[in-house]
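Given next are the chains, with one letter for each unit.
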Amino acid sequence: MNKFLKTIKNLVLPERDEVFLKFIESMEIIVSKVLTLSMIAVILFAVFDLVVFISEKLFFAPHPLFKDSLFEIFGLFLNILIALELLENITAYLHKHVFSLELVIVTSLIAVARKIIIYDLDKKGGDALVGLAFAIFALSISYWIISSRKKPPSHH
């Protein structure tokens, strides 16, 4: 315990800032790698779950039409798409050590779009739908601003 406290004390001394920052960076990389592996496991499980769900609906349901469960299937597909976007965010961070604001906004757009696609107007009121529409609008404007900043101005 004494050795651990001494190591911590050495890391936080002002003259050791560079060592401390390298320690923090290595911890960020370790956490990012653990998150990446965890996200891959989640994606694989979600794909397996989707395949099982669709198989049950096709082969074991009394009426093999997707009419009643179509929105649920869309939701499962979009969950996987969102997980893939999150994985892309994490791996982009591992490559560049910066979060891509554009990727975060796109992931958010997909997540809100998923909510709208599976939204049940009979069970929920229209107020929440208006809120989701506002979120889509705000995220779309944000995406437009971010993506237009990257493009060089065109000269006519």
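Please read all numbers here as calculations on a predicted model, not as lab measurements.

**A closer look at the overall build of the chain**
Okay, step 1: Looking only at helices and strands, the chain features 5 helices and 0 strands.
Okay, step 2: Starting at the N terminus, the α and β elements of the chain follow one another as α-α-α-α-α.
Okay, step 3: Looking at the chain as a whole, 22% of its 156 residues are labelled buried.
Okay, step 4: Here the analysis covers contacts within the chain between residues at least 6 apart in sequence; of these, 56% occur between residues at least 24 apart.

**Looking at the nonpolar core**
Okay, step 1: Grouped together as the largest cluster of nonpolar side chains are 7 residues: Ile105, Leu109, Val112, Tyr119, Leu132, Leu139 and Ile146.
Okay, step 2: Elements with a contribution of two residues or more to this core: α4 (101-117) and α5 (126-150).
Okay, step 3: Sequence-distant contacts of leucine 139, that is, excluding residues within four places in its chain, are made with Ile105, Ser108, Leu109 and Val112.
Okay, step 4: With 5 residues, the next largest nonpolar core counts Leu50, Phe53, Leu76 and Ile80 among its residues.

**Examining the packing of helix α2 (residues 17-60) against helix α3 (residues 70-96)**
Okay, step 1: Remark: α2 packs on α3, axes separated minimally by 9 Å, with the N-to-C direction vectors making an angle of 160°. On the basis of the axis angle, α2 is roughly antiparallel to α3. For the crossing formed where α2 meets α3, the hand is left-handed.
Okay, step 2: Among the residues making up the contact of α2 with α3, the classes are represented as 21 nonpolar, 3 polar and 4 charged.

**Things to note about the confidence of the model for the chain**
Okay, step 1: Per-residue pLDDT for the chain has a mean of 82; in total, 85% of the residues score no lower than 70.
Okay, step 2: Per-element confidence in the chain ranges from a low mean pLDDT of 69 for helix α1 (residues 2-12) to a high of 89 for α5.

What counts and what doesn't
Residues numbered from 1 in each chain as written. Predicted model: local features only at pLDDT ≥ 70, side-chain atom pairs only at ≥ 80, totals over all residues. Heavy atoms only, no water. Helix = DSSP H or I, 4+ residues; strand = E, 2+ residues; numbered from the N terminus. Buried < 20%, exposed > 50% of the residue type's maximum accessible area, 1.4 Å probe, protein only. Contact = heavy atoms within 4.5 Å. Core = buried A, V, L, I, M, F, W, Y, C linked by side-chain atoms within 4.5 Å. Axes fitted to C-alpha atoms, helices over the stretch in contact; angles between N-to-C directions. Parallel < 35°, antiparallel > 145°, perpendicular 65-115°, else oblique. Left-handed = near helix turned anticlockwise from the far one by under 90°. Nonpolar A, V, L, I, M, F, W, Y, C, P; charged D, E, K, R; others polar. pLDDT = per-residue confidence, 0-100.

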